[in-house]
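Residue-level structural notes
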Amino acid sequence: MALRVLVLLFVVGGSVEAVAQVGDGRIYVNRISFAGADFVDDEVLRQELLQLEGTHIDTVALERSRQRLERLPYINTVQIRQQPVAGVPDQVDLIITVTELPAREYRLGGAYSEALGLSGFGYFVNQNVLGTGQQLLARLDGSEYQTQARLFHTDPWAHADGVSRTIGLTYQQFDQLTADTTELDGDFLSATLDYRYRIGERQSINLGLGIEDAAWRVGSQSSLQLANWVANNGDSQPLSNGTRTDAVIAEFRLGWHHNTLDQRIFPSLGLEQRFDLDVAIPGSDVEYVTADYAFDKYWSSPRGWVTHLKTRLAYGTAYGSDTTALAPNRNWFAGGPDSVRGYRDGGLGPRDSLGNPYGGNLLVANQLEVFAPLPEKWQDRLRLGVFYDIGNVFSTEDIVFSDSSGDPIDYGFDVSELRQSAGIAAEIKLPVGLLKLSYGIPLNANDRTANPFLRDEIDRFQIAFGVQF
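A few points on the structure. As a convention, each chain's residues are numbered from 1 in the sequence order in which they are written. In keeping with the predicted nature of the model, local features appear solely for residues at pLDDT of at least 70, side-chain atom pairs appear and are counted solely at 80 or more, and the whole-chain, interface and lining totals rest on all residues. Side-chain numbers come from the whole structure's heavy atoms, not from hydrogens or water.

**Focus on the pairing of strand E17 (residues 306-318)**
Pairing between strand E16 (residues 288-300) and E17: 13 bridges, direction antiparallel. Residue pairing in the sheet places Val 289 in a bridge with Thr 317 of E17. Between E16 and E17, which pair antiparallel in sequence order, lie five residues; one of them, Gly 304, sits at a positive phi of approximately 100°. Two strands are counted as paired when DSSP detects at least two bridges linking them. The helix and strand labels rest on DSSP assignments: H or I over at least four residues marks a helix, E over at least two residues marks a strand, and numbering proceeds from the N terminus. Bridge count for E17 against strand E19 (residues 362-371) is ten bridges, and the pairing is antiparallel. Among the inter-strand pairings, Val 306 is bridged to a residue of E19, identified as Phe 371.

**Re the side chain of Ser 223**
Considering the arrangement of structural elements, one finds Ser 223 in the loop between strand E12 (203-219) and helix H3 (224-232). Here a residue-residue contact requires only that any non-hydrogen atoms of the pair lie within 4.5 Å. In this view, Ser 223 contacts Thr 182, Asp 352, Ser 353 and Leu 354; residues no more than four positions away in its chain are not counted.

**Quick notes on the nonpolar core**
Nonpolar side chains tend to gather and get buried jointly when the protein is soluble and globular. Here the nonpolar core consists of buried residues drawn from Ala, Val, Leu, Ile, Met, Phe, Trp, Tyr and Cys, with membership extended through side-chain atoms lying within 4.5 Å. Partly exposed residues are those whose accessible area sits between 20% and 50% of the maximum for their type, while under 20% is buried and over 50% is exposed, using a 1.4 Å probe and protein chains only. Ranked by internal contacts, the top residues of the largest apolar core, which has 32 residues, are Leu 184, Trp 216, Trp 229, Ile 249 and Leu 363. At the level of elements, E12, H3, strand E14 (242-259) and E19 are the ones that each hand at least two residues to this core. With residues near it in sequence (within four places) discarded, Trp 229 still touches Trp 216, Thr 245, Val 286, Thr 324, Ala 325, Leu 326, Ala 327 and Pro 328. In terms of nonpolar packing, the next biggest core, distinct from the first, is built from 21 residues, Leu 45, Ile 96, Val 98 and Ala 103 among them.

**A look at the environment of Trp 305**
Position of Trp 305 among the secondary structure elements: in the loop between E16 and E17. Residue classification places Trp 305 among the partly exposed positions, given a relative accessible area of 41%. For the pair Trp 305 and Val 370, spaced 65 residues apart in the sequence, the C-alpha separation amounts to 7.0 Å. Setting aside its immediate chain neighbours within four residues, Trp 305 contacts Trp 299, Ser 300, Val 370, Phe 371, Ala 372 and Pro 373.

**Here we look at the environment of Phe 275**
Mapped onto the elements, Phe 275 comes out in strand E15 (residues 270-280). As for Phe 275 and Gly 347, which are separated by 72 residues in sequence, their C-alpha atoms are 25 Å apart. Setting aside anything within four residues of it in sequence, one finds Phe 275 in contact with Leu 254, Gly 255, Trp 256, Ala 291, Asp 292 and Tyr 293.

**Description of the environment of Asp 459**
Note on placement: Asp 459 falls in strand E23 (residues 458-459). Exposure remark for Asp 459: the relative accessible area of 18% places this residue in the buried category. Sequence separation between Asp 459 and Asp 345 is 114 residues, and the spatial gap between their C-alpha atoms is 8.0 Å. Asp 459 has contacts with Glu 114, Gly 342, Tyr 343 and Arg 344, leaving out every residue within four places of it along the chain.

**Some words on the pairing of strand E22 (residues 433-442)**
Two faces make up the sheet, and in a regular strand the side chains alternate between them. In terms of strand pairing, strand E21 (residues 419-430) meets E22 through ten bridges, oriented antiparallel. Note on E22: the bridge partner recorded for Ile 428 is Leu 435. Linking two consecutive strands that pair antiparallel, namely E21 and E22, is a turn of two residues.

**A few points about the side chain of Glu 212**
With respect to the element layout, Glu 212 can be found in strand E12. Other than its neighbours up to four places away in sequence, Glu 212 contacts Phe 188, Leu 189, Ser 190, Ala 247, Val 248, Ile 249 and Arg 330.

**Describing the sheet that holds strand E5 (residues 88-100)**
Here we have three strands laid out as an open sheet, ordered E3-E5-E4, and mixed in their pairing. The sheet is open, and its two edges are formed by strand E3 (28-35) and strand E4 (75-85), each paired on a single side. Pairs of neighbouring strands in the sheet enclose a mean axial angle of 20°, with direction left out of account. Strand direction decides the pairing type here: E3 and E5, joined by seven bridges, are parallel. For Ala 35, the partnering residue across the bridge sits in E5 and is Thr 97. Angles here are taken between N-to-C directions and fall from 0 to 180 degrees, while the axes themselves are lines fitted to C-alpha atoms, restricted in helices to the stretch in contact.

**Description of H3**
Among the residues of H3, those classed as buried are Gln 225, Leu 226, Trp 229 and Val 230. For H3, the angular spread of the buried residues around the axis is 130°, confining them to a single face. Of the surrounding secondary structure, the elements contacted by the buried residues of H3 are E12, strand E13 (235-239) and E14. The directions from the helix axis to the C-beta atoms are what the arc is built from.

**Side note on the packing of aromatic side chains**
Note on aromatic pairs: the rings of Phe, Tyr and Trp (six-membered ring only in Trp) are paired at centre separations within 6.5 Å, and the planes decide the class, stacked below 30 degrees, edge-to-face beyond 60, tilted for the rest. Under the counting rule described, the total for this entry stands at eight aromatic pairs. Look at Phe 121 and Tyr 123: their rings are 6.1 Å apart centre to centre, the planes differ by 10°, and that puts the pair in the stacked class. For the pair formed by Phe 121 and Tyr 123, the shared burial category is buried. Seen from their ring centres, Phe 188 and Trp 216 are 5.4 Å apart, and the 80° between their planes marks the pair as edge-to-face. Of this pair, Phe 188 sits in strand E11 (residues 185-199) while Trp 216 sits in strand E12; the two residues are 28 residues apart in sequence, bridging distant segments of the chain.

**With respect to unusual backbone geometry**
Of note, the phi angle at Leu 130 is positive, near 55°, even though the residue is not glycine. With respect to the helices and strands, the residue Leu 130 is situated in the loop between strand E7 (117-126) and strand E8 (135-143). By relative accessible area, Leu 130 is classed as exposed at 79%. Phi at Phe 266 is positive, roughly 55°, even though this residue is not glycine. The topology assignment puts Phe 266 in the loop between E14 and E15.

**Remarks on helix H2 (residues 59-70)**
The α-helix winds at 3.6 residues per turn, so residues separated by three or four positions along the chain end up facing the same way. The span expected for a helix works out to 1.5 Å for each residue beyond the first. If you check H2, its first and last C-alpha atoms are 17 Å apart, about what twelve residues at 1.5 Å a residue would give, namely 16 Å. Looking at H2, one finds that the buried residues are Ala 61, Leu 62, Ser 65, Arg 66, Arg 68 and Leu 69. On an axial view of H2, the arc spanned by its buried residues comes to 165°, and they lie on one face. Of the residues flanking the start of H2, the one acting as N-cap is Asp 58, its side-chain oxygen 3.0 Å from the backbone nitrogen of Val 60. In protein, a polar contact requires one atom able to donate a hydrogen and another able to accept it; more generally it is a pair of N or O atoms within 3.5 Å, and residues adjacent in sequence count only if both atoms are side-chain atoms.

**Some thoughts on the pattern of salt bridges**
When a carboxyl oxygen of Asp or Glu lies within 4 Å of a side-chain nitrogen of Lys or Arg, that pair is called a salt bridge. The final tally for this structure, using the stated rule, is 22 salt bridges. Its salt-bridge partner being Glu 251, residue Arg 253 comes within 2.8 Å of it at the nearest N-O pair. Owing to a relative accessible area of 5%, Glu 251 belongs among the buried residues under this scheme. Taking the shortest distance from any N to any O, the salt bridge between Glu 272 and Arg 274 comes out at 3.7 Å. Under the relative-accessibility criterion, Arg 274 is labelled partly exposed at 40%. Here the salt bridges do not stand alone but share partners, grouping Asp 180, Arg 344, Arg 351 and Glu 457 into one network.

Written out as structure tokens, the structure reads:
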């Protein structure tokens with residue numbers, strides 16, 4: 001066979017190299033080695049490669065391998081260099097040079113929202129425990145109303161084919177669900193085991209089991225709805241100043257995540273979807289099912305306009321003869337920056353016997369935003385635009401609501417009760433966090449009724465701020 005010589009140009013990690021091809025026109029990979037990897041095991045890096053030894057050079061596989069390596073939280077940059085094998089004209093060695101990032105991170109931070117007020121957090125994470133690529137995370141979150149401590153360990157390659165395993169412990173305590181809700185004390189200790197299976201580069205499926213030891217307590221300042229739920233669910237017992245109920249809940253979890261966004265902050269193209277299904281396994285002291293779907297889609301125009309559509313649909317319900325309704329802490333709330341701007345954060349929907357937000361088991365929320373093009377020097381730090389929001393939260397279970405006169409109120413789903421607003425919005429990326437500002441004008445608020453149990457609370461100017469330092 002006559003010798004054929006071809007010259008190919010490879011572009012990998014920004015470098016261009018010329019390689020002579022001979023024989024059948026293909027260049028084969030003899031050996032792959034890593035340089036610069038001082039604190040991570042060679043095997044951990046090889047698991048991310050799609051280009052393998054003994055196979056012919058595939059520029060697509062090389063580029064995807066580089067991207068996968070750079071997505072590792074302890075890797076900064078990756079460059080791939082081809083080195084001819086002496087005396088073998090159709091083979092090359094691949095030298096992959098990585099620049100590492102610190103695997104350990106300590107961080108403190110805080111946030112502000114109308115629903116939770118000021119809150120703070122601190123965490124420690126080691127993304128590369130003993131060079132194995134495994135992650136250990138400890139985190140503490142606290143606000144005026146809630147405290148949560150979490151400890152997680154993740155092995156990203158616990159099983160073949162990219163199946164990761166996460167073991168977690170969580171403790172949560174609260175005395176109110178939001179700034180405006182009625183008194184409800186809760187203590188929860190849970191352990192979870194989750195497996196995640198990657199589907200290609202952009203999707204994953206989660207399967208998990210959890211066990212939770214839960215306790216709720218109501219007192220003299222609690223609403224009738226909260227008192228009824230605590231008295232009629234779980235292992236309830238009267239106290240000298242209220243009622244307490246305990247429950248052991250075994251839970252099955254199913255999740256799906258699809259992400260094609262071009263960047264994490266200020267994306268302009270792609271979409272992100274999440275679906276989470278939680279089922280209390282039959283025989284648990286409290287039995288329920290919840291489903292939560294979130295959709296974020298971004299479009300950009302040649303002139304720099306960015307359109308963002310955000311949708312969230314969530315539903316939960318109790319099942320079985322021993323559970324009357326979804327636990328109050330599993331309800332959703334509507335109103336505010338994350339659902340319907342122009343209305344008080346968490347203030348839409350059902351109200352309990354004290355006139356405070358109770359939340360609901362059905363959430364419908366849609367936000368449409370259009371951000372204007374800005375000068376290049378501002379594009380990575382500021383977004384300005386207009387928005388249109390529509391949504392609300394409803395109660396479709398057998399919970400009795402009434403006003404101060406004792407007249408029943410139906411907070412079930414009704415299209416006419418979907419609240420709407422429009423206005424202007426700004427997002428500012430600061431060195432310490434992301435600041436969101438909005439001024440919303442309610443379009444169909446029920447804010448003039450004399451009945452406070454049906455009246456919407458208006459809050460046109462709203463701020464949401466997350467900070468890390």
